[in-house]
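Spelled out from the first residue to the last, the chains are:
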Amino acid sequence: MASRGGCLVVISSAAEGVFAASFMQACTLVNQTFAIQLASPGGRQAEYINQDDSNRRWFNEFRSKSSSTPIGLETVDVNRYSALLIPACPGAIHDLCANADLAQIITHFIQEKKPVCAIGHGVAGLFSARKEDGKSWWLEDFCLTAPSLFEVGQLPDFAMLPVLPEDFIKDHGGKYTATEPDGIHVVIDRFLITGQNTESTVTAVQNLILMCSQK
């Protein structure tokens, strides 16, 4: 497993949290191929939201493992990881979309053309990757998906969101596509894989694993 490198899983530590189902599906799949390292702003624990009977036991077991404790984004050694994954987390819109430490990590992955996968609201984490001028976006000219305005409108704090993923992508030169709300939709452009929503998690992560196996 070590020879394949690690997968850095970036999660939000904002109160709005990480979708439990997306996180569980992503980690279960990735763990079969990679050593996983969680990272969050300041190394703070995440709030795993929308847990149900089917995943509560998994989270109880997960929390008992040392690997469940994230490291701080500022301490990440990017050279140790061959893939980057941001699962569906509404909190990303609040604490990842302009995070300077995450910006440096994503910029490294982009420049090295290492596989990057972001899902649902986690796509907002990619917005941090601004170029040296502080304005232009490293992923301009890429084709991406993210939650549609209709899907983001289902969030309880919709009126207070600092950024709307669909609008950000269009406003910063990206090519945005989406399917019907809650439909499975995954976009692959070069080394970047994006999934529209939680429902797209499995398909997106399977493509990440496939892409890494071809490297």
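Residues numbered from 1 in each chain as written. Predicted model: local features only at pLDDT ≥ 70, side-chain atom pairs only at ≥ 80, totals over all residues. Heavy atoms only, no water.

The name that an unreviewed UniProt entry assigns to the chain is Glutamine amidotransferase-like class 1 domain-containing protein 1, with the source organism given as Biomphalaria pfeifferi.

(A) Local environment of the packing of helix α1 (residues 20–30) against helix α2 (residues 53–63). Where α1 meets α2, the axes come as close as 11 Å, and the angle between the chain directions of the two elements is 60°. Handedness of the α1/α2 crossing: left-handed. Between α1 and α2, the residues in contact are A20, A21, F23, M24, C27 and T28 and N55, W58, F59 and F62, respectively. Looking at the contact of α1 with α2 residue by residue, the class counts come to eight nonpolar, two polar and no charged. (Axes fitted to C-alpha atoms, helices over the stretch in contact; angles between N-to-C directions. Helix = DSSP H or I, 4+ residues; strand = E, 2+ residues; numbered from the N terminus. Left-handed = near helix turned anticlockwise from the far one by under 90°. Contact = heavy atoms within 4.5 Å. Nonpolar A, V, L, I, M, F, W, Y, C, P; charged D, E, K, R; others polar.)

(B) Region of interest: unusual backbone geometry. Its identity as a non-glycine residue notwithstanding, D141 has a phi of 80°, on the positive side. For D141, the location among the structural elements is in the loop between β7 (116–119) and β8 (143–144). Backbone geometry places R190, a non-glycine residue, at a positive phi of 60°. Its location among the elements puts R190 in the loop between β10 (186–189) and β11 (192–195).

(C) Molecular detail of the pairing of strand β6 (residues 81–86). The buried count for β6 comes to five of six residues, which makes it a mostly enclosed element. Pairing of strand β1 (residues 6–10) with β6 involves four bridges; the strand directions are parallel. Bridge pairing in β6 links L8 to L84. In terms of strand pairing, β6 meets β7 through three bridges, oriented parallel. Bridging from a neighbouring strand, L84 pairs with V116 of β7. (Buried < 20%, exposed > 50% of the residue type's maximum accessible area, 1.4 Å probe, protein only. Pairing = 2+ DSSP bridges.)

(D) How the structure looks around the pattern of salt bridges. Overall, the coordinates contain four salt bridges when judged by the stated rule. For R56, the salt bridge identified is with D53, shortest N-O distance 2.9 Å. Of this pair, R56 and D53 both sit in helix α2, three residues apart, which is roughly one turn of the helix. The class of R56 is partly exposed, set by a relative accessible area of 36%. (Salt bridge = Lys/Arg side-chain N within 4 Å of Asp/Glu carboxyl O.)

(E) Main features of the state of the cysteines. Enumeration according to the criterion identifies zero disulfides in this entry. Unpaired in terms of disulfides, C27 finds its nearest cysteine sulfur in C7, a separation of 8.3 Å. Not engaged in a disulfide, the cysteine C89 finds its nearest cysteine sulfur in C27; these two sulfurs lie 11 Å apart. (Disulfide = S-S within 2.5 Å.)

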